[in-house]
Amino acid sequence: MIAFIEGTLVKKTVSTVVVATASGLGYELFVPVTDLEQMPANGSKVFLHTYLQVKEDGVAFFGFLEEEALQIFKLLITVNGI
């Protein structure tokens, strides 16, 4: 599991961010709208708590500014139908 990602914020969209790491990789993560609103400007350093979801129909990488939000997300995805 990937517990967190730290790097430079490269891009923001309506539902994702791209974070460039020191290793030269850029990771696209889905983030909540509330976290998008609190993201620093492009080019700034950022630290996100992460969750990697692997399902039959694809892989999704989620990021959260606060660890508490990640824990709530993990609880929500245990509910059937969500």
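Before reading further, recall that the structure is shown in the block above.
None of these values were measured; they are calculated from a predicted model.

**Q** A description of the overall build of the protein chain should follow, citing residues and the corresponding values.
**A** A tally of regular secondary structure across the protein chain gives two helices and five strands. Starting at the N terminus and walking to the C terminus, you meet the elements of the protein chain as β-β-β-α-β-β-α. Expected size for 82 residues packed as a compact globule is a radius of gyration near 12 Å; at 13 Å, the protein chain falls within 12% of this value. The principal-axis extents of the C-alpha atoms in the protein chain amount to approximately 40 × 25 × 20 Å.

**Q** Report on the side chain of T21, specifying residues and quantitative values.
**A** Mapped onto the fold, T21 is located in the loop between strand 2 (16–20) and strand 3 (26–30). Of note is the side chain of T21, whose polar atom sits 2.8 Å from the side chain of S23. Those residues in contact with T21 that lie beyond four places of it in its chain are I5, E6 and Y27.

**Q** Describe in detail the nonpolar core, supporting the description with residues and values.
**A** Of all hydrophobic cores here, the largest spans twelve residues; its members are I5, L9, V17, V19, L29, V31, L36, M39, V46, L48, F61 and L65. Elements represented by at least two residues in this core include exactly strand 1 (4–12), strand 2 and strand 4 (45–55). Beyond its immediate sequence surroundings of up to four residues, L36 is in contact with K12, T13, V14, S15, T16, V17 and V31. Listed in part, the six residues of the second largest apolar core include Y51, F62, F64 and F73.

**Q** Go over the packing of aromatic side chains with me, naming the residues and quoting the values.
**A** Overall, the coordinates contain six aromatic pairs when judged by the stated rule. Judged by centre distance (5.6 Å) and plane angle (70°), the ring pair of Y51 and F73 falls under edge-to-face. With Y51 in strand 4 and F73 in helix 2 (residues 67–76), this pair connects stretches of sequence that are 22 residues apart. Seen in terms of ring centroids, F62 and F73 are 4.8 Å apart; in terms of plane orientation they differ by 45°. Their pairing is tilted.

**Q** So what's going on with the side chain of D35? Which residues, and what values?
**A** One can find D35 in helix 1 (residues 33–38). One buried charge, D35, has no salt-bridge partner; the nearest side chain with opposite charge is K12, at 12 Å. There is a polar contact of 2.9 Å between the side chain of D35 and the backbone nitrogen of L65.

Cut-offs used in this document
- Residues numbered from 1 in each chain as written.
- Predicted model: local features only at pLDDT ≥ 70, side-chain atom pairs only at ≥ 80, totals over all residues.
- Heavy atoms only, no water.
- Helix = DSSP H or I, 4+ residues; strand = E, 2+ residues; numbered from the N terminus.
- Rg over C-alpha atoms; globule rule 2.2 N^0.38 Å.
- Polar contact = N/O pair within 3.5 Å; in protein donor to acceptor, adjacent residues only side chain to side chain.
- Contact = heavy atoms within 4.5 Å.
- Core = buried A, V, L, I, M, F, W, Y, C linked by side-chain atoms within 4.5 Å.
- Buried < 20%, exposed > 50% of the residue type's maximum accessible area, 1.4 Å probe, protein only.
- Phe/Tyr/Trp six-rings, centres within 6.5 Å; stacked < 30°, edge-to-face > 60°.
- Lys, Arg positive; Asp, Glu negative; His and termini not counted.
- Salt bridge = Lys/Arg side-chain N within 4 Å of Asp/Glu carboxyl O.

By themselves these figures say nothing about function.
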